[in-house]
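Topology and contacts: notes
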Amino acid sequence: MKLKLYWQIFIGLAAGIFFGIMARGLGFENFVVDKVSILGTIFLRGLRMVIIPLIVSSIISGVAGIGSAERFGRLSLKTLSYYLTTSLLAILTGLALVNLLRPGLGANLGLEEVPEELKAGAQKIGDTLLGIIPTNPLEAMVKGDMLPVIFFSLLFGFFITRAPQPYRESLTNFFQGIFEVMMRLTHFIILFTPIGVFALMSKIVAQTGFEVFVPLGSYMLTVMISLAIHAFLTLPVLLYAIGGADPVAHARAMSAALMTAFSTASSSATLPLTLDAVENNAGVSNKVTSFVLPLGATINMDGTALYECVAAMFIAQVYGIELSFFQQMIVVFTALLASIGAAGIPMAGLVMITIVLQAVGLPLEGVGLILAVDRILDMMRTSVNVWSDSCGSVIIARSEEETELKVLRKRA
Ligand code: ASP
């Protein structure tokens, strides 16, 4: 009997951690960091290879199938409302906990050197928003810029429905065909996830170890508890109450994608697995997933939003700066913007923190305080980001009266 994929990934993950610890203990960490990690790089390149053709074909064929402008508008509105609501709920959870636990008080920390890329600061949020409209869609595809590619694909898909008959049909078929091929290709790459996850995890553990966690323990705990409340309480309640779904069944359906998000720390790299899981395991239609998931992977980041808020508040606490209620509201608002602006790649959230710090006049060097443990927190927040996108797909599918969902809760 063949072991299910999520078990294989789980074993890869655990074995990777174990192997990394062994490497540190026995002194062969350089071998792991230099050589074993190549397997992880191959896996990540495979995922990145499929992303652009997969999302372009998925969005175009999905949106072309939506049909009316009215339905298109309704879906956009629902999707954006979901993104905003859940990100705000996440930030408020983080804000409440960081005020309650006050992890930064009395923390005795050394500043680490802040890397140049962070000093340069995040790009202005206005530029990110303008950048959504590509001046050259092909260039955006070539560079792999997600938002402009998504924007153009949404429009292209929509205007297919406005084209006269023979073209409408042949274009829809054409992109549907590419999508079917890309899905199969993606499946093939997904088969290598256990090995990729093993290599990525062993590299991270061999490189960092667990010692760095000690001085930042209470900060990490605050982030982790807040993320846990959002992932295990807030989102499941929404999923159950509004989506009519069984959260445990849905988590099982998503497990391969969630573990991949954890080990890659990248929502974008995980997107192929997320699309596959939400469509094939949870049974959501391509019309909804193509709308909610690619966009969600870049702009709906509940985990990142929460993290931005907790990290900024932590930095303020360490420097002994009291933020007024009004300033805390600015933190909430900029944390939301920062999470929207953050790309779905590792450490993007850390770079965007500068926006929040700047907005309330906190020292940018504060980022150096939290650098050491960013990777592990990044892995957790990325899983929460992907989990939220997947819950959103089910909730929106349900509101669109989709009946084929496989994760609905049983009626008594
Ligand atoms: N790594 C996160 C993601 O891809 C973004 C972040 O750094 O918070 O979702």
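Above this note sits the structure.
Let me begin by describing the structure that accompanies this report.

In terms of regular secondary structure, the protein is built from 18 helices and 0 strands. Taking the principal axes of its C-alpha atoms as reference, the protein extends roughly 70 × 55 × 55 Å. Within the protein, residue pairs in contact and separated by at least 24 positions form 85% of the contacts whose partners lie at least 6 positions apart. Here the protein displays about 18200 Å² of accessible surface, and carbon together with sulfur accounts for 68% of that area. One finds the centroid of the 26 positive side-chain charges in the protein at a distance of 8 Å from the centroid of its 27 negative side-chain charges.

Taken together, 16 residues sit near the ligand, with Ser267, Thr304, Gly349, Asp378 and Arg381 positioned nearest. Taking Ser267, its side chain carries an N or O atom lying 2.4 Å from an oxygen atom of the ligand. Arg381 is positioned with one of its side-chain polar atoms (N or O) 2.6 Å from an oxygen atom of the ligand. In isolation the ligand exposes 270 Å². Once the protein is present, 100% of that is buried. Counting only elements with at least two residues in the shell around the ligand, the list comes to helix 16 (348-359) and helix 18 (374-399). For the shell around the ligand, the element with the most residues is helix 18, which contributes 4 residues. Here the shell around the ligand is composed, by residue class, of 7 nonpolar, 7 polar and 2 charged.

With that settled, consider the packing of aromatic side chains. Summed over all chains, the structure comprises 13 aromatic pairs. It is Arg381 that lies over the ring of Tyr307; its NZ or CZ is 4.0 Å from the centre.

This part takes up the nonpolar core. Core analysis: the largest hydrophobic core is formed by 120 residues, its most contacted members being Val63, Tyr219, Val284, Phe291, Tyr307, Ile370 and Trp387. Of all the elements, helix 2 (residues 29-64) adds the most residues to this core, at 12 residues. Ranked by size, the runner-up nonpolar core spans 6 residues in total, among them Ala23, Val33, Val36 and Ala206.

On to a nonpolar patch on the surface, then. On the surface, a cluster of nonpolar side chains totalling about 850 Å² of accessible area is made up of Ile38, Leu39, Ile42, Met49, Leu185, Phe188, Leu191, Phe192 and Ile195. Of all the elements, helix 2 adds the most residues to the nonpolar patch, at 4 residues. With respect to the helices and strands, Phe188 occurs in helix 8 (residues 165-190). Since its relative accessible area comes to 47%, Phe188 is described here as partly exposed.

What counts and how
- Residues numbered from 1 in each chain as written.
- Predicted model: local features only at pLDDT ≥ 70, side-chain atom pairs only at ≥ 80, totals over all residues.
- Heavy atoms only, no water.
- Helix = DSSP H or I, 4+ residues; strand = E, 2+ residues; numbered from the N terminus.
- Contact = heavy atoms within 4.5 Å.
- Areas by Shrake-Rupley, 256 points an atom, 1.4 Å probe, with all protein chains shown as cover.
- Lys, Arg positive; Asp, Glu negative; His and termini not counted.
- Charge placed at Lys NZ, Arg CZ, Asp CG, Glu CD.
- Near = heavy atom within 4 Å.
- Polar contact = N/O pair within 3.5 Å; in protein donor to acceptor, adjacent residues only side chain to side chain.
- Nonpolar A, V, L, I, M, F, W, Y, C, P; charged D, E, K, R; others polar.
- Phe/Tyr/Trp six-rings, centres within 6.5 Å; stacked < 30°, edge-to-face > 60°.
- Lys NZ or Arg CZ within 6 Å of the ring centre and 35° of its normal.
- Core = buried A, V, L, I, M, F, W, Y, C linked by side-chain atoms within 4.5 Å.
- Buried < 20%, exposed > 50% of the residue type's maximum accessible area, 1.4 Å probe, protein only.
- Patch = residues over 30% accessible without salt bridge, like charges linked within 9 Å, V, L, I, M, F, W, Y side chains within 5 Å.
- Salt bridge = Lys/Arg side-chain N within 4 Å of Asp/Glu carboxyl O.

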